[in-house]
Every structure is written in structure tokens, then in C-alpha cells.
Amino acid sequence: MKLIQRLFLTCFLVCIYTATTKAQSPSWAQDIAPILYSNCTSCHHTGGLAPNSLMTFTDAFNYRFMIKQYVDNNSMPPWPPDAQYKHLAFERILSASDKNKISQWVLGGGQQGNAASAPTPPTYTNSTTQLSSIDFTGKMQNYMVNTASDLYRCFIINTNFSVDKFAAEIEVIPGNSAIVHHVLVFEDTTALIKQKDSADAGAGYTSFFGTGSNDSRLIGEWVPGTAPIKFPNLMGVRLRKNTRIVLQIHYPQGTYLKLDSTRVNIKFAANTASPFFREVFLAPLLAESNLINGPLSIPPNVVKTFTSVMTVTTTVTLPYPAITLLSIAPHMHLIGDKMKVFGLENSTNDTMPLINIPKWDFKWQGIYNFRNPIKVPLGSKLVCQSAYDNRSSNLNNPNSPPITVNQGESTSDEMNLVFFAFTYYFPGDEDIIIDNSPVVGINELQKSIVNTVQLFNVFPNPAKNQAQLNYFAPSNYLAKAKIINMEGKILKEWPTNMQEGYGAINLNIEGLPKGQYFLTIETKSFTKTKQFIIYE
Ligand code: HEC
């Protein structure tokens, strides 16, 4: 080829290439605004938790290089657990294609695109509830932060419940979301907390970690950006008669002289008299007393690892010899570095991955729901492996030079706790769906490898009047659904379309007597049967 031709060809190819990348370079209006609105602006809006708004084109444009950096190194959106180890409910993770779009948008000069075609920005108000209904609502007294350093303050809300109640849903609505960093919700029936309150001037009283009362039971936790706590049907956490609710709020440094008035909303559980109703407990099943290489004491200038183990046992007779884990909340302080928690099944010794936090960040404590509850047979072990970094190279080290850190409740001491929300096990718990959104990351993979129908279990189970069967279907199916009793008699039969992807088949079970049933789904290519219970 002659040189001139070759040059021409090169130029031609390069020109095509630049022309296509130009044309394909993502724009804010088309590609970026939708990503930011669904993954970032819940915190990044004026008055929100994050320091900078990302609501407008100008906001996003001005921050574009930082956005790319934070997204590329996975520090935004904040999601400390390792999703490769265990997918948890309501994960805040950007898909590879969204990350790529952000990167291309920044490299392409941060084009605005046609502003008129941008999606409508979401609106955020502090008072919107996400509960299905509210049976109890309580607001703390107005409080103005009176210190320049970190503050942990407990506020008491009276309930005057004349009998025990069960909370099915709990929500915290920060009064001033720019200063409320995280909230632990306790209930407590003693006068001690009242005394502490009166002994401390102003609303509430200062107390790190706990409420300072042994009677206090944890009933909920709130961290920014998380959905409210909602337990599955026929489960709830107990609120004792005449109890008081204690909101322990962390106001970080820099909130001096700012005002807050945070609210808690509760929806009570229904059907608490049903034999299938279950109390949910929130407790640190793994604590410092479970350390096999304790005590928790970390000498200066080392990284020290610890293991804690507990065997799941009970003193009460359970209907089935197992417990069901609903959520998990690891807790360490400032020099905490990593934590991995798993179960070891008693008969098979199989590992049950629960959570892995490869880089602990004290600022992002969370209570994480499992996508499906986890069955742990009695006799199984729960194991926590953790590491603490007490070197000066750890930027979170509160001591310079480092000193020995021991177990204790103040921020500069350390703790080693794994809280769980759990109840006793019923068959089918593993199939309750807490979050049925497709898993980011493996979703793309899942589409290509899952070529068989996945039928989850009937939900809720036990059920009453209405129930549903969730499924994943690799393509569309014409199906027939049948409800069959234990004698094999078909009681209901109806045609149904299964759509490609995640979907649900609704079961109308009204009028069927209580008892055990089978649900059979028949298509040309398969027949699958699920068992479920109708109560009342
Ligand atoms: C759950 C709340 C939350 C979500 C969701 C979130 N951020 Fe943030 N972001 C924060 C907070 C809080 C900070 C302040 C630094 C810190 O505390 O870690 C921050 C800091 C940042 C910063 C640095 C700003 C500065 O001035 O230092 C950037 C850039 C950023 N976030 C981008 C994003 C992007 C992009 C997304 C979505 C893909 C996102 N964030 C999602 C809470 C959030």
C-alpha cells in the first residue's frame, strides 16, 4: 500500500472512530441523571446527609472528576459489605455498565445533552413515611447540639402502651438529616433512664453506645440511606407494656449549635394471637465473651486478629430445631479493620456465608437484611473473624502514638459484636423474599446462565386469603396453577402467564379451610409442586 493511501486509511479509521465515540459519548440528560437519581441523590441533595448536592447538571459537572474517582474505587455509593461473598437485601451497588457510563461521560467532557429530555428530579422531604401505615408515632424534644466533638445522646419517648405490642415495621425520620448520623432505637421499662434524663440538662442525656440501662432492648437501627425495618408477615419485635422508647442519636463533629427533632414511626404487627405469630429478637449473638483468643486487647503498632464462636442452643422447646436469621449488624469502633461472619452447619459442617466487611468504616455502621432469611439448625456454630489495626498508618487511629486499646464503650475503646435479628424457624423461611430486586453484578450473568425456571416458595407461608408465588422464568410460559389438598383433590385450577424475568403468580385462597396444601404449576415443559399452609 502506498504511504499516502495508508495515511488516508488511518485517518479514515481514526475519524470514524472519533465520530462514533463522540456520537456515543453519554450525556447527563440521557444517561447520567437517571443513574444519579436512583443511586446518589437520596443522600446528595440540599439538606441531605452528603455534603454536596448532585441534583442538577451543574452539580454533577462540577463534581465530575471526583464522581468518577469515587465510583471507580467503589467508595460511592457507600456499601461496605463484600457483595461477592454474600448478596444482601437492598444493596447499594452500581452495575458495571452504569460505572462505565459515568466514566465515559467524564472522559467525553461531561456533555449535558438535551436538558429538556432529562428525567424529572426526585423530590425529598424529611417527613415522607415509607411505612404501609403508622400506629404509633413519637417525636423527641427539640435539641440543640452543645459540643464541638462527637456526641451520642439518648432521647426518651413515652408510649403508655397498656399491653405488650409487637412492631412489624419501624422507621426513624431524622429531624435534621444533615446532622443525624445514625440512630439506635431501644425500648426500656425502668425509671433509671428517666433519672439519667433529669440529671442531664437539656433534652435527653449523653451516653455512648448503650442507654446505660441493663433493661434496654434494641428494637431497631437507622443509618442514612437505608429502608425502614420491616419484618416478614406474622413476625414482630416486642414492645413491653408501659415501655419507653429511647432514641440514641450520634451527632458527629461539626454539628455544634445545630437543632434536631427526630421522630420514630411504628406499625404494629397484626394477628399476634395466631399460632404462627413469631417474636423477633435483636441481640448480639456474638460478643466479646465468645472470643476464643480474648480478651479484646490490642497492643500498639500491630494488626491483631480475633475469632469468636458460639453454638446455637436454646432453653425453650422450638417447634423445629432451628432458628431463622433475618438481619445482621456487625459492630466495632475506630481501629476495627475487617470482619467476616459465617455459620457452620451442625451436621454437614457446610459454611453458611453471612457477611464480609473487608474494610471496616466506623461511619457506615449498618443493619443488613438477608435477601432470604437463613435457617441455622440448633447445634450449628456462628463464627466471627475480625482484625484490628492499631498502627499509626491507620488514619482512623484515635491515638498518636498508638497505645493499647481494650474493650470498652467509649469511641476510643474497642468492641466486637455481631447483632442479629432472629426468630425460631418454620419450614419455608428460607424462601421468604425480603428483597426480590435482581442482584446487581450477577444479574447480567444470571440472565445468561439461568435457563431453568426458578420457583420460590409460597409467600407468606402460612397464608390467609391471599398469597403469591414468586418466580424467575428464562422465557414466557403458558402455565396452569392448581391448589391440591392432602387427599390429592384439586380445589382450584386456573390458567396463568409466566412472564420472562422475575414475576409472581397470585393465589386466591379465600374460602379454603385451614390446613396443608400443594400448589402445582404445570407447563408443557415442566411440572413443579410447592407445599404451603393456610391458617384460620
Ligand atoms: C447513603 C448516602 C450516600 C449515597 C447513596 C451516596 N453518597 Fe456520596 N457521599 C455521602 C457522604 C456522607 C459523603 C461525605 C463523605 C463521607 O462521609 O464519607 C459523600 C461524599 C461523596 C463525594 C465527595 C464529595 C466531597 O466534596 O468530598 C462524592 C464525589 C460522592 N459522594 C459521590 C457519590 C455518587 C456518585 C453516588 C452515587 C453513585 C453517591 N455519592 C452516593 C453519602 C452518600
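Figured I'd write up the structure that's included with this text. Given the structure is predicted, the values throughout are model-derived calculations rather than measurements.

1. Remarks on the packing of aromatic side chains
All chains considered together, the criterion is met by 18 aromatic pairs. On the basis of an interplanar angle of 35° and a centroid distance of 5.5 Å, the ring pair of F57 and F61 is categorised as tilted. Note that F57 and F61 are positioned in helix α3 (residues 57-62) at a spacing of four residues, about one turn of the helix. Here the guanidinium or amino end of R64 rests over the ring plane of F61, the centre of that ring lying 3.9 Å away.

2. Comments concerning the site of the ligand
The immediate surroundings of the ligand are formed by 22 residues, with C40, C43, H44, P51 and M76 found nearest. Here H44 contributes a side-chain N or O atom positioned 2.7 Å from a nitrogen atom of the ligand. Tallying contributions element by element places helix α4 (residues 64-72) first for the shell around the ligand, with four residues. Among the residues forming the shell around the ligand, the class breakdown is 17 nonpolar, three polar and two charged.

3. Describing the sheet that holds strand β10 (residues 244-251)
With antiparallel pairing, five strands are arranged side by side in an open sheet as β6-β3-β10-β5-β7. Of all strands in the sheet, those bounded by a partner on one side alone are β6 (205-206) and β7 (217-222). Strands in contact with helix α6 (residues 192-199) are β3 (151-158), β5 (182-188), β6 and β10; relative to β3, the strand with the most contacts, it is inclined by about 120°.

4. Thoughts on the coordination of the iron atom of the ligand
Think of it this way: four donors in a tetrahedron around the metal ideally sit 109.5 degrees apart, and six in an octahedron ideally sit 90 or 180 degrees apart. In this structure, H44 (NE2) and M76 (SD) serve as the protein donors to the iron atom of the ligand, at separations of 2.0 to 2.2 Å. Around the iron atom of the ligand, the six donor atoms sit at angles spanning 86 to 179°, and that spread fits a shape best called octahedral. Placement of H44 in the loop between α2 (28-39) and α3 and of M76 in the loop between α4 and α5 (96-107) is noted, with a sequence separation of 32 residues between them. The exposure class of M76 is partly exposed, given its relative accessible area of 29%.

5. Focus: the pairing of strand β25 (residues 477-485)
Along β25, seven of the nine residues are buried, which leaves the element largely enclosed by surrounding structure. Where β25 meets strand β26 (residues 490-498), eight bridges bridge the pair, whose relative direction is antiparallel. Opposite L478, over in β26, you have N497 as the bridge partner.

Here is what the cut-offs are and how they apply
Residues numbered from 1 in each chain as written. Predicted model: local features only at pLDDT ≥ 70, side-chain atom pairs only at ≥ 80, totals over all residues. Heavy atoms only, no water. Phe/Tyr/Trp six-rings, centres within 6.5 Å; stacked < 30°, edge-to-face > 60°. Helix = DSSP H or I, 4+ residues; strand = E, 2+ residues; numbered from the N terminus. Lys NZ or Arg CZ within 6 Å of the ring centre and 35° of its normal. Near = heavy atom within 4 Å. Polar contact = N/O pair within 3.5 Å; in protein donor to acceptor, adjacent residues only side chain to side chain. Nonpolar A, V, L, I, M, F, W, Y, C, P; charged D, E, K, R; others polar. Pairing = 2+ DSSP bridges. Contact = heavy atoms within 4.5 Å. Axes fitted to C-alpha atoms, helices over the stretch in contact; angles between N-to-C directions. Donors = N, O, S within 2.8 Å, 3.2 Å for Na, K, Ca; no water. Tetrahedral: all angles 85-135°; square planar, octahedral: opposite > 155°, others 65-115°. Buried < 20%, exposed > 50% of the residue type's maximum accessible area, 1.4 Å probe, protein only.

Note that all results are geometric; they support no functional claim without further evidence.
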